[in-house]
Each structure stands twice: as C-alpha cells, then as structure tokens.
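# Coordinates in review
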Amino acid sequence: MSGRIMPLELIDKCIGSRLWIIMKGDKELVGTLRGFDDCVNIVLEDVVEYEIDEDGTKHKIELEQILLNGNSVALLVPGGSPEN
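Please read all numbers here as calculations on a predicted model, not as lab measurements.

## Quick notes on the environment of L8
You can see L8 is positioned in helix α1 (residues 7-13). Expressed as a C-alpha distance, the spacing of L8 and D38, which sit 30 residues apart in the sequence, is 7.6 Å. In this view, L8 contacts F36, D37, D38 and V40; residues no more than four positions away in its chain are not counted.

## Section: a negative patch on the surface
A surface patch of like charges, here negative, comprises D26, E51, D53, E54 and D55. Mapped onto the fold, E51 is located in strand β3 (residues 42-52).

## Looking at the sheet that holds strand β1 (residues 18-23)
Ordered by their spatial adjacency, five strands build an open sheet running β4-β3-β2-β1-β5, and the pairing between neighbours is antiparallel. Unpaired on one side and paired on the other, β4 (58-68) and β5 (73-78) mark the two borders of the sheet. With strand direction ignored, the average angle separating the axes of adjacent strands in the sheet is 25 degrees. Relative to β5, β1 is paired through five bridges, and the arrangement is antiparallel.

## Observations concerning the pairing of strand β2 (residues 27-36)
Judged by how many residues are buried, β2 sits mostly within the fold: seven of 10 residues are covered. Pairing analysis gives five bridges linking β1 to β2, with the strands arranged antiparallel. Across the sheet, I22 pairs through a bridge with E28, a residue of β2. Sheet topology places β2 next to β3; eight bridges connect them, and they run antiparallel. Its bridge partner being in β3, F36 is matched across the sheet by I42. Following β2, the chain reverses through five residues before pairing antiparallel with β3; V40 in that reversal takes a positive phi of roughly 60 degrees.

## Considering the side chain of S81
For S81, the location among the structural elements is in the segment after β5. On the basis of relative accessible area, S81 is assigned to the buried category, the value being 17%. Apart from the residues within four sequence positions on either side, S81 is in contact with W20 and V30.

Scoring rules and cut-offs
Residues numbered from 1 in each chain as written. Predicted model: local features only at pLDDT ≥ 70, side-chain atom pairs only at ≥ 80, totals over all residues. Heavy atoms only, no water. Helix = DSSP H or I, 4+ residues; strand = E, 2+ residues; numbered from the N terminus. Contact = heavy atoms within 4.5 Å. Patch = residues over 30% accessible without salt bridge, like charges linked within 9 Å, V, L, I, M, F, W, Y side chains within 5 Å. Areas by Shrake-Rupley, 256 points an atom, 1.4 Å probe, with all protein chains shown as cover. Salt bridge = Lys/Arg side-chain N within 4 Å of Asp/Glu carboxyl O. Lys, Arg positive; Asp, Glu negative; His and termini not counted. Charge placed at Lys NZ, Arg CZ, Asp CG, Glu CD. Pairing = 2+ DSSP bridges. Axes fitted to C-alpha atoms, helices over the stretch in contact; angles between N-to-C directions. Buried < 20%, exposed > 50% of the residue type's maximum accessible area, 1.4 Å probe, protein only.

Function cannot be read off these values alone, since they describe shape.
In structure tokens form, the structure reads like this:
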C-alpha cells in the first residue's frame, strides 16, 4: 500500500489547520481542527458557522469551540471556505 493514504491519516495531517466542513442539512462550518476520533467526531476552535435559510440567506455565527457528531458530517475540505 505504498503511496496510499487512508482517510483518517489525511484528517490527522489537518490537525491545527483550517477546515471547511459541510454538514448534512443546511449548515457549514469553518474552524481550526483540534482533534477527532475513529467515528470522525470533530473538535473545532475559532469556528464560524453558516446556516442557510430556505430563501438562500446565509447567517453567520462565531463560536469559540464546538464538538461535531461525525454522523452529521457530509464533507471535509482542508483549507477551504464557503466565502471563496
């Protein structure tokens, strides 16, 4: 398996970096990855949460820290941002 990287290894390399996380539903978050477990439950710091209304309006909420349930995560984008 040389040259291959497993998903949890890739997430581990992102610790300390900014992540854009798209959740199942209408939420997106950007924050600094502090840790995760085998179920991909995620701890983020310096978080900006974006919630999208039915009419397409984005609401921005700033949080100091958050714990995300791995079952609710749809996509992880290292270094990304919904504002780009």
